[in-house]
Amino acid sequence: MSTARYIKDDKDQILDVIYESGIHVKPVYTPKDLEEIGFSYEEDLNDPGKFPFTRGIHALGYRSRAWTTRQYTGFGTPKETNERFKFMIAHGQTGLNVAFDLPTQMGYDSDDPMAEGEVGRVGMAVDTIRDFEIAFDGIELDRIGVGLTINAVASIILAMFQTVAEKYGYDPKTVSATPQNDILKEMIGRGAWIFPVEHGVRLTGDVIEYCIKAMPKTNPVSVCGYHIRESGATPAQEIAYAFLIAFAYIDNVKERGYEPDEFVGGFTFNFNVFGNMWEQIAKFRAARKLWAKLLKERYNVKKERNLFLRGIFGGGGYGLTKAQPENNIVRGAYYALVAALSGAQTTALCSYDEAYTIPTPHSALISLRTLQILMDEVGLRDTVDPLAGSYFIETLTKQMEEKILEEMEKIEKYGGIIKAISDGFIQRMLARQAYEIEKGIERGELLKVGVNIYVEGEPKEVELHEYNEESARIQIESLKEIKRTRSQKEVAKTLKELESATRSGKNVMPYLLECCKAYCTLGEMTSVFREIFGEFQEPSIF
Amino acid sequence: MIKVLIAKPGLDGHDRGAKVVALALKEAGMEVVYSGLHKTIDQIVSMAIQEDVDVIGLSIMSGAHIPLTRKLMEKLKELGIEDKKVFVGGVIPSKDIPKLKEMGVTGVFPGGTPLEEIVKAIKASVNK
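Our subject in this report is the structure included herewith. Worth saying up front: this structure is predicted, and the values here are computed from it rather than measured. (Residues numbered from 1 in each chain as written. Chains lettered and ligands numbered in written order. Predicted model: local features only at pLDDT ≥ 70, side-chain atom pairs only at ≥ 80, totals over all residues. Heavy atoms only, no water.)

A few points about the overall build of chain B
Assigned secondary structure in chain B consists of 5 helices and 5 strands. In chain B, the succession of helices and strands from N to C terminus is β-α-β-α-β-α-β-α-β-α. Considered along the principal axes of its C-alpha atoms, chain B spans approximately 30 × 30 × 25 Å. The burial tally for chain B puts 60% of its 128 residues in the buried class. Long-range contacts, defined as pairs at least 24 residues apart, comprise 70% of the intrachain contacts of chain B with a sequence gap of at least 6. (Helix = DSSP H or I, 4+ residues; strand = E, 2+ residues; numbered from the N terminus. Buried < 20%, exposed > 50% of the residue type's maximum accessible area, 1.4 Å probe, protein only. Contact = heavy atoms within 4.5 Å.)

Quick look at the sheet that holds strand β1 (residues 3-7) of chain B
Residue and element names in this part refer to chain B. With parallel pairing, the 5 strands of this open sheet are ordered in space as β2-β1-β3-β4-β5. Pairing within the sheet leaves two strands with one partner each, and these edge strands are β2 (31-34) and β5 (107-110). Ignoring which end each strand starts from, the neighbouring axes of this sheet average 20° apart. The strands touched by helix α2 (residues 41-50) within the sheet are β1, β2 and β3 (55-60), with β1 carrying the most contacts at an inclination of about 165°. Docked against the sheet, helix α5 (residues 115-125) engages β1, β3, β4 (85-90) and β5, running at close to 165° with respect to β4. (Pairing = 2+ DSSP bridges. Axes fitted to C-alpha atoms, helices over the stretch in contact; angles between N-to-C directions.)

Quick word on the interface of chain A and chain B
If you look at the interface, chain A gives 35 residues, while chain B gives 32 residues. Counting each side, the surface lost to burial between chain A and chain B is near 2800 Å², with a carbon and sulfur contribution of 60%. Linking chain A with chain B are 3 salt bridges, by the criterion used here. Taking the shortest distance from any N to any O, the salt bridge between Glu27 of chain B and Arg432 of chain A comes out at 3.9 Å. Across the contact surface, chain A and chain B share 9 residue pairs in polar contact (both at pLDDT 80 or more). Those elements giving two or more residues to the side of chain A that touches chain B turn out to be α5 (102-105), α10 (225-230) and α17 (425-442) of chain A. With 9 residues, α17 of chain A is the largest single contributor of residues to the side of chain A that touches chain B. (Buried area = accessible area lost by both parts, 1.4 Å probe. Salt bridge = Lys/Arg side-chain N within 4 Å of Asp/Glu carboxyl O. Polar contact = N/O pair within 3.5 Å; in protein donor to acceptor, adjacent residues only side chain to side chain.)

A word on the nonpolar core
Counting residues in hydrophobic clusters, the biggest one holds 179 residues, and the most contacted among them are Phe136, Leu148 and Phe243 of chain A. Per-element accounting of this core gives the leading share, 14 residues, to helix α11 (residues 235-254) of chain A. If near-sequence neighbours (up to four positions away) are discounted, Phe136 of chain A is found in contact with Asn82, Phe85, Leu96, Val98, Leu141, Val146, Leu148, Phe161 and Tyr168 of chain A. With 26 residues, the next largest nonpolar core counts Met47, Ile60, Val86 and Leu100 of chain B among its residues. (Core = buried A, V, L, I, M, F, W, Y, C linked by side-chain atoms within 4.5 Å.)

Some words on helix α3 (residues 65-78) of chain B
Residue and element names in this part refer to chain B. When the terminal C-alpha atoms of α3 are compared, their 20 Å separation across 14 residues agrees well with the 20 Å that a helix rising 1.5 Å per residue should span. Within the span of α3, buried status applies to His65, Ile66, Leu68, Thr69, Leu72, Met73 and Leu76. Next to the buried residues of α3 lie α2, β3, β4 and α4 (97-102). Just downstream of α3 lies Gly80, where phi reads positive at about 70°. (Expected span 1.5 Å × (residues − 1).)

Some words on the packing of helix α7 (residues 154-167) of chain A against helix α9 (residues 197-214) of chain A
All names here are of chain A. The geometry of α7 relative to α9 is characterised by a closest axis approach of 9 Å and an angle of 30° between their N-to-C directions. By the angle between their directions, the pair α7 and α9 is classed as roughly parallel. Residues Ala154, Ser155, Leu158 and Gln162 of α7 touch α9, and the partners they reach there are Leu203, Val207, Tyr210 and Cys211. Class assignment of the residues belonging to the contact of α7 with α9 gives a composition of 6 nonpolar, 2 polar and no charged. (Parallel < 35°, antiparallel > 145°, perpendicular 65-115°, else oblique. Nonpolar A, V, L, I, M, F, W, Y, C, P; charged D, E, K, R; others polar.)

Overview of α17 of chain A
All names here are of chain A. Compared with the 26 Å implied by 1.5 Å per residue over 18 residues, the 26 Å span of α17 between its first and last C-alpha is a close match. Those residues of α17 lying buried are Ile426, Gln427, Leu430, Ala431, Gln433, Ala434, Tyr435, Ile437, Glu438, Lys439, Gly440 and Ile441. Looking one or two residues beyond α17, the residue adopting positive phi is Gly444, at roughly 80°.

Quick word on the side chain of Glu438 of chain A
Topologically, Glu438 of chain A is positioned in helix α17. Discounting chain neighbours no more than four positions away, the residues touching Glu438 of chain A are Tyr318 of chain A together with Arg16, Val20 and Leu115 of chain B.

Let's talk about the packing of aromatic side chains
Enumeration according to the criterion identifies 28 aromatic pairs over all chains in this entry. Plain terms: the ring middles of Phe132 of chain A and Phe136 of chain A are 5.3 Å apart, the flat faces sit at 85° to each other, and that makes the pair edge-to-face. Assessed through its relative accessible area of 0%, Phe132 of chain A is described here as buried. For the ring pair Phe269 of chain A and Phe271 of chain A, a centre distance of 5.3 Å and an interplane angle of 10° mean the geometry is stacked. Like Phe269 of chain A, the residue Phe271 of chain A is buried in the burial classification. Among the aromatic residues, those joined into a ring-pair cluster are Phe243, Phe247, Phe269, Phe271, Phe284, Trp291, Tyr299 and Phe313 of chain A. One residue, Arg16 of chain B, lies across the ring of Tyr318 of chain A, its end atom 3.6 Å from the ring centre. (Phe/Tyr/Trp six-rings, centres within 6.5 Å; stacked < 30°, edge-to-face > 60°. Lys NZ or Arg CZ within 6 Å of the ring centre and 35° of its normal.)

Notes on the side chain of Thr149 of chain A
Residues and elements named next belong to chain A. For Thr149, the position within the fold is in the loop between β7 (146-148) and α7. A distance of 2.8 Å separates the side chain of Thr149 from the side chain of Asn97, its partner in a polar contact. There is a polar contact of 3.1 Å between the side chain of Thr149 and the backbone oxygen of Val98. With near-sequence residues (within four places) excluded, Thr149 lies in contact with Tyr72, Asn97, Val98, Phe100, Gln180 and Arg190.

Quick word on the environment of Phe243 of chain A
Residue and element names in this part refer to chain A. As for its placement among the helices and strands, Phe243 is situated in helix α11. For Phe243, a relative accessible area of 0% translates into the label buried. Residues Phe243 and Phe529, spaced 286 residues apart in sequence, show a C-alpha to C-alpha distance of 27 Å.

Remarks on the pattern of salt bridges
Residue and element names in this part refer to chain A. Considering all chains together, one arrives at 46 salt bridges over all chains under this definition. Residues Arg530 and Glu535 are paired through a salt bridge, measuring 2.8 Å at the closest nitrogen-oxygen approach. By relative accessible area, Glu535 is classed as partly exposed at 38%. When salt bridges that share partners are traced, they join Asp44, Lys289, Lys293, Lys398 and Glu401 into one network.

Remarks on the sheet that holds β7 of chain A
All names here are of chain A. A sheet is described by the order of its strands in space; here 4 strands give the open sequence β5-β6-β7-β8, paired in parallel fashion. Both edges of this open sheet fall to β5 (72-73) and β8 (177-179), since each of them pairs with a single strand only. Of the strand pairs in this sheet, strand β6 (residues 96-98) and β7 are connected by 3 bridges, and their pairing is parallel. From the neighbouring strand, Leu96 faces β7, where its bridge partner is Val146. Packed on one face of the sheet, α7 meets β7 and β8 and runs near 150° to β7.

What follows is the structure, encoded as structure tokens:
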């Protein structure tokens, strides 16, 4: 599953190993392999911190600074989420990664009929800046970076975040937030899209443009190969599509008159870890190298630090199984190992119960401890890129680089990433691949412990996070209270200004900030966009 | 030919499973309509009537399967079309399976259910 295919002959001996990206693996690698690929230390690797950064973007890697631990966290009301944030920080977590509930992700207020049954269920509910005031109460925003896992309404959420950061006395220029803000990946996988493609990309561009001057320490976009892979992409496709999506955003901001050197340094990536370990490691090393090379070639990026591929490499999702849930703890540990060996800047790990629901404090803590054990106990920080120079790893890295380029070319030949997503070309291909993977598992060709080998009877019961029905009621009450006490005049005025700015194509961020200050709701602001932009029409994929 | 509507109710956009099941049913010789994302129960019921399907398969990953399914079953009853078989799949805790069946759901397929089992159950539920 999404691991290598081991094709056996009649005598049940392993004959061939084929990775998902289509690479055949030999049983033995020697110096001859490096010769064959024309391996050069300077061009293919170089020292850590030197172009093309295959060995990592920092000369001293984790020796100088360990990766940030940033578990995806949030549920129920902002108060419940604030308590969980503090719990995780108290146990040594070094970054936050906020989970929002589906109504928030889709731009609906908690009292909207569309939100029924979903308020606070898979993340925390947000209606106005009051919710952020509560969620970030007592969190040192100038010391801890905050990931905001939000896309279609990332502009609104970032405006709320800035408003509240200022209210708490922080200079927006010093806070480092990372709104996910990757709408194109939502159209391929995860599905939390609202507006049509061009308008979605415009809003992503507005956030990037706004951050150049107003929030220079904020990473305005985190391009998510992660979700593309969850939808059935191979590792090579995951990187290829993520890069093409990043280029679409770069082009959007470039068209506004900015040089890529002014803003690409703020781009980050979110990549997936599950699958064959060696293929993943080679994927990350190849991606780091290619990103730097492509930015130089395509966009003439000159400043060295703008060529860095920085990323959160997270494990979980499709890699986990519902069968034998405790195996997911072990899988998580390996995913974390892969992320560390690959030079991740940040890691988040899904917990063992996440094939069922959002994690309990107990399981979230196991994931955090898994990362800490690697960091402090077993020596992952001792030396930078310890796998460098391995005949196998270097050959594979080169092969992955070629595979990624091939996948990029396929989409560019088709007419570009925006066309390939709008037409459903990529979605159709990934759905087919996902289906083939399931069949591979059912045929026993792709091995998955507990699923098609070493199977036990009935699945074990797991203690699960219980959804608190009260959360929705409390949230809706609090929203009502805000609506009663805010100035309706200010609300109407700021929404009207947002509307005319949106229509005239101005950057919406300054207008959203005014709306946030007036306690306009997320739903009210989104409705302005909905009215003007309409909604994305999902292409038919069958 | 058995006709199935694979539907994604509510706001959740995780549709890998729904699409995989749709392809499996197609390959098993059924006619499959996919609703697309973010559909209300009313929209799903209208689609089921318009397309005259035998089976409605709800795919729910968000944990909101109880209220969403209840709403669908009530609507089918209200319109007098309870003959349409309903299946629910996705992230469904085992303790909720009897509750869904009590509502009149024919079958529940939690994550990890083999595709073959889904095909068989749907075929067995429709006399065609």
